[in-house]
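# Chains, contacts and geometry: an overview
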Amino acid sequence: MFLSQQSAFPPAILALADGTVFIGNSIGAQGTTTGEVVFNTAMTGYQEILTDPSYCQQIVTLTYPHIGNYGINAEDIESDKVFAAGLIIKNLPLLASNFRSTETLSEYLVRSNTVSIANIDTRKLTRHLRDKGAQNGAIVGLAAGEQVSQARIDEALSAAKAAPSMKGLDLAKVVSVSQSYEWVQTEWQLFRADGTPGYGKLQDHSFHVVAYDYGVKKNILRMLAERGCRVTVVPAQTSAADVLKYQPDGVFLSNGPGDPEPCDYAIDAARTIMDSGVPTFGICLGHQIMALASGAKTFKMQNSHHGANHPVKDLDSGRVCITSQNHGFAVDLDTLPANTRATHVSLFDGTLQGMERTDRPAFCFQGHPEASPGPHDVSYLFDRFVDLMRKHKKA
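To start, this report covers the structure provided alongside it. Values in this document were obtained by computation on a predicted structure and should not be read as measured data.

### Quick notes on the sheet that holds strand β18 (residues 352-357)
Strand order in the open sheet made by the ten strands is β8-β12-β11-β13-β14-β19-β18-β17-β15-β16, with mixed pairing throughout. Strands with a single pairing partner mark the edges of an open sheet, and in this sheet they are β8 (181-183) and β16 (320-331). Here the average twist between neighbouring strands, direction ignored, is 25 degrees. When strand β15 (residues 298-314) meets strand β17 (residues 340-346), the two strands line up antiparallel, connected through three bridges. Directly across from Asp314, in β17, lies its bridge partner His344.

What follows is the structure, encoded as structure tokens:
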């Protein structure tokens with residue numbers, strides 16, 4: 001935060017599992033939080049990032065120096081609560097200004113009981129994570145009037161070292177809904193038919209899509225509804241047999257947190273659904289689930305992908321798209337079986353970004369084509385899914 005604000009916020013401690021310690025100011029809830037510390041290079045979208053279920057049990061460092069300048073509004077959430085375990089930023093601006101803003105970032109963090117820290121050198125932290133890889137950490141937000149002590153630093157270090165590794169964690173069933181529901185809300189527009197801003201509502205539908213919720217973002221559902229899809233969202237552990245009872249035109253495998261390999265229920269269901277011939281589309285964790293169901297392997301990345309500026313090449317068109325990314329696991333390109341083919345690769349590190357089955361109407365993408373607030377370079381993948389369903393219905 002800016003120096004003039006420091007006296008208004010209590011101290012806070014950030015400790016990494018390797019012993020690195022940062023001292024800053026608490027801008028969220030008082031208390032202690034732990035998780036895997038990652039960095040995100042997006043310049044905007046802090047509200048969407050905080051409410052993305054894919055950040056469950058992760059503490060997010062935002063590399064852009066000024067976070068909170070446009071406040072918080074009730075419309076830009078990607079789920080019904082904050083899923084990020086904590087937030088790390090450099091500067092909290094003095095003023096928040098936006099015509100939709102209803103509260104400040106700090107007020108939102110306190111209200112959502114999210115422990116957060118500001119006024120640390122996020123460039124130094126980012127370089128540290130980049131060189132050594134993502135690792136567990138802890139934030140301790142002190143009470144008003146409390147000072148940093150060695151005892152509290154030791155407490156933070158112990159909490160960071162005791163946090164569980166992300167590898168082997170099945171978090172999809174943790175963040176998923178417990179009951180199925182219908183979704184009809186369409187995308188946000190600045191000017192709708194009545195001249196006011198807001199979301200629309202699906203009136204007539206051409207397709208029925210069943211979407212697995214492994215941690216689904218609302219804007220994914222909105223983009224499906226915008227394209228004429230009535231969406232039924234089902235819990236992560238729903239069987240393939242129960243999904244196929246809906247007689248869907250297509251099945252969607254959503255994004256989500258954690259390691260894909262322990263999600264055997266999702267892998268088995270995806271395999272059965274693809275074998276049934278129903279058009280299938282996966283994003284992020286859904287991409288990894290589809291790959292595992294097809295016989296490929298996944299691995300934990302040394303440097304995970306989090307940001308809104310990642311270049312991805314479409315191998316079919318040669319087009320380079322700027323994409324949003326949020327994943328710490330990836331599909332091993334060298335393990336793709338003969339009945340699959342790569343469709344997209346990352347131009348940062350060459351990792352697999354897209355795949356399709358050559359024997360089934362199924363494809364997937366590692367990044368986030370629904371990215372809200374952006375970029376939207378790969379939103380055409382939703383159109384591809386609709387075309388796949390249309391061709392399947394005609395056949």
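### Some details on the layout of surface pockets
A volume near 410 Å³ is recorded for the largest pocket. Together, 20 residues line the largest pocket, and Glu48, Asp76, Arg100, Ser372 and Pro373 are the ones closest to its centre. Every element with two or more residues in the lining of the largest pocket is listed here: β9 (185-189) and α6 (218-226). Across the lining of the largest pocket, the residue classes tally to seven nonpolar, eight polar and five charged. Considered as a void within the structure, the second largest pocket measures approximately 250 Å³ in volume. In this structure, the second largest pocket is lined by 16 residues; those nearest its centre are Ser79, Asp80, Val177, Tyr181 and Asp213.

### Side note on the pairing of β18
Burial within β18 is extensive, with five of its six residues counted as buried. Strand direction decides the pairing type here: β17 and β18, joined by five bridges, are antiparallel. Counterpart to Thr340 in the pairing with β18 is Arg357. Hairpin connection between β17 and β18: a loop of five residues separates the two successive antiparallel strands, and Gly350 in this loop has a positive phi of roughly 75 degrees. One ladder, built from three bridges, connects β18 with strand β19 (residues 362-365); its direction is antiparallel. Bridge assignment links Met355 to a residue of β19, and that residue is Cys364. Linking β18 to β19, which pair antiparallel, is a turn of four residues.

### Observations regarding empty space enclosed by the protein
Under the definition given, this model contains four cavities of 30 Å³ or more. Considered as a void within the structure, the largest cavity measures approximately 180 Å³ in volume. In terms of lining, the largest cavity is formed by 19 residues, of which the most central are Asn40, Ile49, Lys217, Ser324 and Ser372. Of all the elements in the fold, those that place two or more residues in the lining of the largest cavity are α1 (46-50), β15 and β16. Approximately 130 Å³ is the volume found for the second largest cavity. Lining the second largest cavity are 16 residues; nearest its centre among them are Gly256, Gly258, His327, Gly328 and Phe329. Where the lining of the second largest cavity is concerned, the elements lending two or more residues are α9 (285-294), β15 and β16. Among the elements that take part in the lining of the second largest cavity, β16 stands out by supplying four residues, more than any other. Among the residues forming the lining of the second largest cavity, the class breakdown is five nonpolar, nine polar and two charged.

### Quick look at α6
Across the nine residues of α6, eight count as buried, placing the element largely inside the fold. Restricting attention to buried positions, one finds in α6 the residues Lys218, Asn219, Ile220, Leu221, Arg222, Met223, Leu224 and Ala225. Where α6 terminates, the next one or two residues include Gly228, which has phi positive at roughly 85 degrees.

### What to know about a nonpolar patch on the surface
On the surface, a cluster of nonpolar side chains totalling about 190 Å² of accessible area is made up of Val21, Ile23 and Val148. In this structure, Val21 sits in strand β2 (residues 21-26). According to the relative accessible area criterion, Val21 is partly exposed, its value standing at 31%.

### Re the sheet that holds strand β3 (residues 31-40)
Taken in spatial order, the seven strands line up as β1-β2-β6-β5-β4-β3-β7 and close into a barrel, and their pairing is mixed. Neighbour-to-neighbour, the strand axes of the sheet open up by a mean angle of 35 degrees, direction not taken into account.

### Section: the side chain of Thr61
Relative to the helices and strands, Thr61 is located in strand β4 (residues 58-62). Judged by relative accessible area, which is 0%, Thr61 ranks as buried. With sequence-adjacent residues up to four places away left out, Thr61 is seen in contact with Val37, Val38, Phe39, Asn40, Ile88, Thr122, Leu125, Thr126 and Leu129.

### Considerations on the nonpolar core
Looking at soluble globular proteins, one finds that nonpolar side chains tend to be buried together. Tyr212, Tyr214 and Ile289 are the most contacted members of the largest nonpolar core, which totals 32 residues. When residues of this core are traced back to their parent elements, those giving at least two are β11 (207-213), α7 (240-244), β13 (250-253), α8 (264-276), α9, β18 and β19. Here the element with the most residues in this core is α8; it accounts for seven residues. Formed by 28 residues, the second largest nonpolar core is a distinct cluster that contains Leu224, Cys284, Val312 and Phe382.

### Quick word on the packing of aromatic side chains
The geometry of an aromatic ring pair is captured by the separation of the ring centres together with the interplanar angle, meaning the angle of the planes. Counting across every chain of the model gives six aromatic pairs. With a centroid separation of 4.4 Å and 25 degrees between ring planes, the pair formed by Tyr46 and Tyr70 is classed as stacked. A residue pair is termed long-range when its members are at least 10 positions apart, and Tyr46 in helix α1 and Tyr70 in the loop between β4 and β5 (86-88) qualify at 24 residues. Since its relative accessible area comes to 2%, Tyr46 is described here as buried.

The rules behind these values
- Residues numbered from 1 in each chain as written.
- Predicted model: local features only at pLDDT ≥ 70, side-chain atom pairs only at ≥ 80, totals over all residues.
- Heavy atoms only, no water.
- Pairing = 2+ DSSP bridges.
- Helix = DSSP H or I, 4+ residues; strand = E, 2+ residues; numbered from the N terminus.
- Axes fitted to C-alpha atoms, helices over the stretch in contact; angles between N-to-C directions.
- 1 Å grid on protein atoms, 1.4 Å probe; cavity = no way out; pocket = protein on both sides within 12 Å on 5 of 7 lines; lining within 4 Å.
- Points joined across faces, edges and corners; volume = space filled by probe spheres on them.
- Nonpolar A, V, L, I, M, F, W, Y, C, P; charged D, E, K, R; others polar.
- Buried < 20%, exposed > 50% of the residue type's maximum accessible area, 1.4 Å probe, protein only.
- Patch = residues over 30% accessible without salt bridge, like charges linked within 9 Å, V, L, I, M, F, W, Y side chains within 5 Å.
- Areas by Shrake-Rupley, 256 points an atom, 1.4 Å probe, with all protein chains shown as cover.
- Salt bridge = Lys/Arg side-chain N within 4 Å of Asp/Glu carboxyl O.
- Contact = heavy atoms within 4.5 Å.
- Core = buried A, V, L, I, M, F, W, Y, C linked by side-chain atoms within 4.5 Å.
- Phe/Tyr/Trp six-rings, centres within 6.5 Å; stacked < 30°, edge-to-face > 60°.

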